[in-house]
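Take a look at the letters that make up each chain.
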Amino acid sequence: MIAVTVLLALLAALSNASASVLQRRAAVQEPEKGTGAASAVRRLGHLLRRPYWLAGTGLLALSSVLQGAALAVGSLSLVQPLLAAELLFTLAVGSVVFRRRPDRRTWLAFVALAVGLAVFLLAAAPSAGRPSAPPRSWLLGGGGTLGAVVLCVVISRPTRGAPRAALLGLASAISFATTAALLKEAVGRLAQGPGAMFSHWSLYATGGAGLVAFLLLQSALAAGSLTASQPALTLGDALTSVVLGWVLFAETIHLGLRLIPEVIGAVLIGGGSIGLAHAQSVAGEWDTATPDHPPGGGGERPRTPREH
């Protein structure tokens, strides 16, 4: 069952990364013309006629289905850290679509993140827990994550630059982990039939938490560079998922001496995230060129894999 969970989670990460790249390709072929709601609506209408954008939308929906399937058969503590592989897949797929080869520094960051994920998950060996959480656990876990998000947002208000981006990135990460926990709660009720899932509050709370996570991500990206927000986003999501898996679904990870390789893995994940974010932000034009449009124009800020 672990192999199935890993496969589904990695396919979800690949699907989400491919969606980002394809929608990005459509976006650079349809540059912004003016500002305001009317311009945004016209641009969306043009994008709806772009096959790459439509394909990306389909892959985004597929990613949600695959993530739900992974959470239905596996632990939250295993699935969410694996979704960090989206960074790797975005770089790989984007390099093919935009015909840009990553430099050596980017490949080193790529390897650091991949090795960090492997070391962390092999050492932690997350165990499967119960398929759904009792209401008391949700009061504790949900109240804790809500308080953490509010605290991050409040502390970020007087700050500027990298600290603000990191705090908002962490708030977004906690919200994304909570969204995944709610999704796991919802799909965990499928064993009782579709009616049990659609009649339970968790399915609709998933949409609300996801919207909050998305809005916080946009704020983090506007506050500072990817170099500041991406490590908090990547590590925050993984570590919060481990805590929520324990509090809500009675999942466990190995500690003791295994804590040493787990910390090493987390450091490698953070370093790899910084490297990949920095490589993209420095390159600046890696995703502004298509085979039909040579690089050189635009200068638009590249997007993090979660931003659609």
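Residues numbered from 1 in each chain as written. Predicted model: local features only at pLDDT ≥ 70, side-chain atom pairs only at ≥ 80, totals over all residues. Heavy atoms only, no water.

*Asks:* Explain the overall build of the protein chain here, please?
*Replies:* Secondary structure summary: the protein chain contains 12 helices and zero strands in total. Listed N to C, the secondary structure of the protein chain is α-α-α-α-α-α-α-α-α-α-α-α in terms of helices and strands. A buried classification covers 50% of the 308 residues belonging to the protein chain. Look at the contacts in the protein chain between residues 6 or more apart in sequence, and 81% of them connect residues 24 or more apart. Carbon and sulfur atoms make up 71% of the accessible area of the protein chain, which totals about 14400 Å². (Helix = DSSP H or I, 4+ residues; strand = E, 2+ residues; numbered from the N terminus. Buried < 20%, exposed > 50% of the residue type's maximum accessible area, 1.4 Å probe, protein only. Contact = heavy atoms within 4.5 Å. Areas by Shrake-Rupley, 256 points an atom, 1.4 Å probe, with all protein chains shown as cover.)

*Asks:* I tried to follow the environment of Val115 on my own but got confused; where do I start?
*Replies:* Along the chain, Val115 falls in helix H6 (residues 104-124). Between the C-alpha atom of Val115 and that of Ile264, which follows or precedes it by 149 residues, the distance is 10.0 Å.

*Asks:* Please explain the confidence of the model for the protein chain as it appears in this structure.
*Replies:* Low-pLDDT stretches of the model should not have their predicted coordinates read in fine detail. Per-residue confidence for the protein chain gives a mean pLDDT of 80, with 80% of residues at or over 70. In the model of the protein chain, helix H2 (residues 37-47) stands out as the element of lowest mean pLDDT, 60, in contrast to helix H7 (residues 135-156), which has the highest, 94. Long-range and interchain partners of residues 281-285, a stretch whose pLDDT sits below 50, account for eight contacts in this model, where long-range means more than four residues apart. (pLDDT = per-residue confidence, 0-100.)

*Asks:* I tried to follow a nonpolar patch on the surface on my own but got confused; where do I start?
*Replies:* Taken together, Leu255, Leu259, Val263 and Val267 make up a surface patch of nonpolar side chains, about 370 Å² in accessible area. Topologically, Val263 is positioned in helix H12 (residues 259-283). (Patch = residues over 30% accessible without salt bridge, like charges linked within 9 Å, V, L, I, M, F, W, Y side chains within 5 Å. Salt bridge = Lys/Arg side-chain N within 4 Å of Asp/Glu carboxyl O.)

*Asks:* Please clarify how unusual backbone geometry should be interpreted in this entry.
*Replies:* Working note: non-glycine residues mostly have negative phi, and peptide bonds are mostly trans. Of note in this structure, Ala125 is not a glycine but carries a positive phi near 45°. Note on placement: Ala125 falls in the loop between H6 and H7. Its identity as a non-glycine residue notwithstanding, Ala250 has a phi of 60°, on the positive side. Examined against the element boundaries, Ala250 turns out to sit in the loop between helix H11 (226-249) and H12.

*Asks:* Got a minute to help me understand the packing of aromatic side chains in this structure?
*Replies:* What the rule picks out here adds up to two aromatic pairs. With 5.6 Å between their ring centres and 80° between their planes, Trp138 and Trp201 make a pair best called edge-to-face. In this pair, Trp138 is assigned in helix H7 and Trp201 in helix H10 (residues 201-223), connecting sequence segments 63 residues apart. Judged by its relative accessible area of 9%, Trp138 is buried. Taking NZ or CZ as reference, Lys184 lies 5.5 Å from the ring centre of Phe249, over its face. (Phe/Tyr/Trp six-rings, centres within 6.5 Å; stacked < 30°, edge-to-face > 60°. Lys NZ or Arg CZ within 6 Å of the ring centre and 35° of its normal.)

*Asks:* It is not clear to me how the packing of helix H8 (residues 162-187) against H10 should be interpreted in this structure. Could you clarify?
*Replies:* How two helices pack is summed up by the angle between their axes together with the distance between the axes. Relative orientation of the contacting elements H8 and H10 amounts to 165°, with a least axis distance of 8 Å. Relative to H10, the element H8 lies roughly antiparallel. Helix-helix and strand crossings are classified by hand; for H8 and H10 the assignment is left-handed. Of the residues assigned to the contact of H8 with H10, the class counts are 18 nonpolar, eight polar and two charged. (Axes fitted to C-alpha atoms, helices over the stretch in contact; angles between N-to-C directions. Parallel < 35°, antiparallel > 145°, perpendicular 65-115°, else oblique. Left-handed = near helix turned anticlockwise from the far one by under 90°. Nonpolar A, V, L, I, M, F, W, Y, C, P; charged D, E, K, R; others polar.)

*Asks:* Where do I start with the side chain of Arg189 in this structure?
*Replies:* One can find Arg189 in the loop between H8 and helix H9 (194-198). A polar contact of 2.9 Å, which involves the side chain of Arg189, links it to the side chain of Glu185. A distance of 3.3 Å separates a polar atom in the side chain of Arg189 from a polar atom in the side chain of His200. Setting aside its immediate chain neighbours within four residues, Arg189 contacts Ser132, Ala196, Met197 and His200. (Polar contact = N/O pair within 3.5 Å; in protein donor to acceptor, adjacent residues only side chain to side chain.)

*Asks:* How should I be thinking about the pattern of salt bridges in this particular structure?
*Replies:* Opposite charge on two side chains permits pairing when their charged atoms draw close. Scanning the model with the defined rule gives one salt bridge in all. Of the charged contacts, one joins Glu185 and Arg189 as a salt bridge, the two residues approaching to 2.9 Å between their closest N and O atoms. For the pair Glu185 and Arg189, a shared accessibility class is recorded, and that class is buried.

*Asks:* Before we go on, may I ask you to explain the nonpolar core in this structure?
*Replies:* Proteins that are soluble and globular tend to have nonpolar side chains buried together. Among the nonpolar cores identified, the biggest contains 39 residues, and Leu71, Leu76, Trp138, Ala181, Leu248, Phe249 and Leu276 are the most heavily contacted of them. At the level of secondary structure, the elements contributing two or more residues to this core comprise helix H1 (2-28), helix H3 (51-73), helix H4 (76-82), helix H5 (86-97), H6, H8, H11 and H12. Other than its neighbours up to four places away in sequence, Trp138 contacts Ala133, Gly143, Ala181, Leu182, Glu185, Trp201, Leu248 and Phe249. By size, the runner-up hydrophobic cluster in this structure holds nine residues, among which are Val149, Leu168, Ala171 and Ala223. (Core = buried A, V, L, I, M, F, W, Y, C linked by side-chain atoms within 4.5 Å.)

*Asks:* When you look at H6 in this model, what are you seeing that I'm missing?
*Replies:* Residues lying three or four places apart along an α-helix face the same way, a consequence of the helix completing one turn every 3.6 residues. Between its terminal C-alpha atoms H6 stretches 30 Å, which fits the 30 Å expected from 21 residues at 1.5 Å a residue. What H6 keeps buried is the set Thr106, Ala109, Phe110, Ala112, Leu113, Gly116, Leu117, Phe120, Leu121, Ala123 and Ala124. The positive-phi residue at the C-terminal boundary of H6 is Ala125, with phi of around 45°. (Expected span 1.5 Å × (residues − 1).)

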